[in-house]
Amino acid sequence: MQAVNTSLTRLLGIRVPVVSAAMAFASSAQLAVEVTRAGGFGFVGAAFATPDSLREDLAFARASFPDLGDKPLPIGFGFIGWLLDANEEQSKQLIDIALEANVQALWLAFGVDLHRWLEYIRTSPANARATHKPLIFLQATSLHEALVAVNEWKVDVIIAQGNEAAGHGGAAAPSTMVVLSELLAALPVESAPPVLAAGGISNGSQVAAYLTAGAAGAVLGTRFALTTESPYPDYNKAAIQRAKSADTVRTHALDWVWNIYSWPEGINGRGIRTKIVDDIDAGVPHEVVRERYAKAAETNDPDYMVTWCSQGVSLMNEIKAAKEVVRELHADIVRALQRGQQLLA
């Protein structure tokens, strides 16, 4: 049976409607390349990149596709809005570097003025010089955010992120299925951009469920953190392998222990609950928690560790090569859709 034929697969020229998330600290150029080579589409988290590190990633990716010629580089790079705002000069330089490299897509999330950066991408002289105009993926955690991005900003792809998602997202976001369903019901079928489901997705059966519900594809983050190509530290990977869905929590504590207070209002993060969260919830001063965290980091103490992961951790426990994960996801998607067809017989 052929891969699912969705607008996402046509838009990106991919075989499997699966995108690897641009998770900071867990994604890399190597991981993105391997996901794309296997038939999906890989993103690199560039939120904390420097101009030099971004150029290195782009050079690696370009060398990984030696027969590409003038075609766009078939991976994407993700940026966080409030970090772009924090260093405007460097941020514009980073975006220009990605544009001049002819990347296929850019992902924007979590900013109080994302439209400003969207317009910079579209009007930058670097974009004018580029032979390929990147597709704009915009991450939304509510129906309102998504409709503004579609109707006013005319983005190319919407990522509908639910509350189950790893890392940062809407503290009050509904579940992935709810936010996806709300958005699909509000958009005109004929002219709507592809909408991707994101949040808590661990296997191909779940992807198939979202495809059946009307999604054009799915975004997986934590599952690709458990790959040999992911730079996520081994102790974080081990923590994910041990964790169950009930062990994760949405909280500000995992940012505060890193002395980060700059996320936009209404945004927090999901990770494994440890004594960091317990201490913050109990009212322990943040500077004391940071001291305890720094001491625990010397031995990678799992009881005082920051591990970002989704609610879907119960369904993943093996570390595999990215290409194997994509192939398994594709096979599982096809089997699940075939089972669904049998229900119509």
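Note on numbering: residues in each chain are counted from 1, in written sequence order. Residue-level local features of this predicted model are given only where pLDDT is at least 70; pairs of side-chain atoms are given and counted only at 80 or more, and the full residue set underlies all totals for whole chains, interfaces and linings. Calculated side-chain values reflect all of the structure's heavy atoms, with hydrogen atoms and water omitted.

Pairing is parallel around the closed barrel formed by 8 strands, whose spatial order is β1-β2-β3-β4-β5-β6-β8-β9. When strand polarity is set aside, the average angle formed by the axes of neighbouring strands in this sheet is 25°. Strands are labelled as partners when DSSP assigns at least two bridges between them. Only runs of H or I of at least four residues qualify as helices and only runs of E of at least two qualify as strands under DSSP, and these elements are numbered from the N terminus. Bridge count between strand β5 (residues 135-140) and strand β6 (residues 157-161): 4 bridges; the pairing is parallel. Of the residues in β6, the one forming a bridge with Ala140 is Ala160. Packing against the sheet, helix α2 (residues 29-37) makes contact with β1 (18-20), β2 (41-45) and β3 (73-80), and its axis sits at approximately 170° to β2. By the convention used here, residues are in contact when the closest approach between their heavy atoms is within 4.5 Å. Working convention: axes come from line fits to C-alpha atoms, limited for helices to the stretch in contact. Angles between N-to-C directions cover 0 to 180 degrees. Across the sheet, helix α3 (residues 51-64) lies against β2, β3 and β4 (103-109), angled at about 160° from β3, the strand it touches most.

Viewed as axis vectors pointing N to C, helix α9 (residues 176-186) and helix α10 (residues 204-213) meet at an angle of 20°, and their least axial separation amounts to 10 Å. With respect to their mutual orientation, α9 and α10 come out roughly parallel. Taken as a pair, α9 and α10 cross one another with a handedness that is right-handed. Each of Thr176, Met177, Leu180 and Leu184 in α9 lies in contact with α10, whose residues at this interface are Ala209, Tyr210 and Ala213. Throughout this description, any angle smaller than 35 degrees is read as roughly parallel, any larger than 145 degrees as roughly antiparallel, any in the 65 to 115 degree range as roughly perpendicular, and the remainder as oblique. Throughout, a crossing is termed right-handed when the near helix is turned clockwise from the far one, and left-handed when it is turned anticlockwise from it by less than a right angle.

Whether parallel or antiparallel, the strands of a sheet pair through hydrogen bonds between backbone atoms. If you walk across this open sheet you meet the 3 strands as β7-β11-β10, and the pairing is antiparallel. This sheet does not close on itself; its edge strands, each paired only once, are β7 (167-170) and β10 (248-251). Neighbour to neighbour, the strand axes of the sheet diverge by 35° on average, direction disregarded. Where β7 lies against strand β11 (residues 267-272), 4 bridges are found, and the strand directions are antiparallel.

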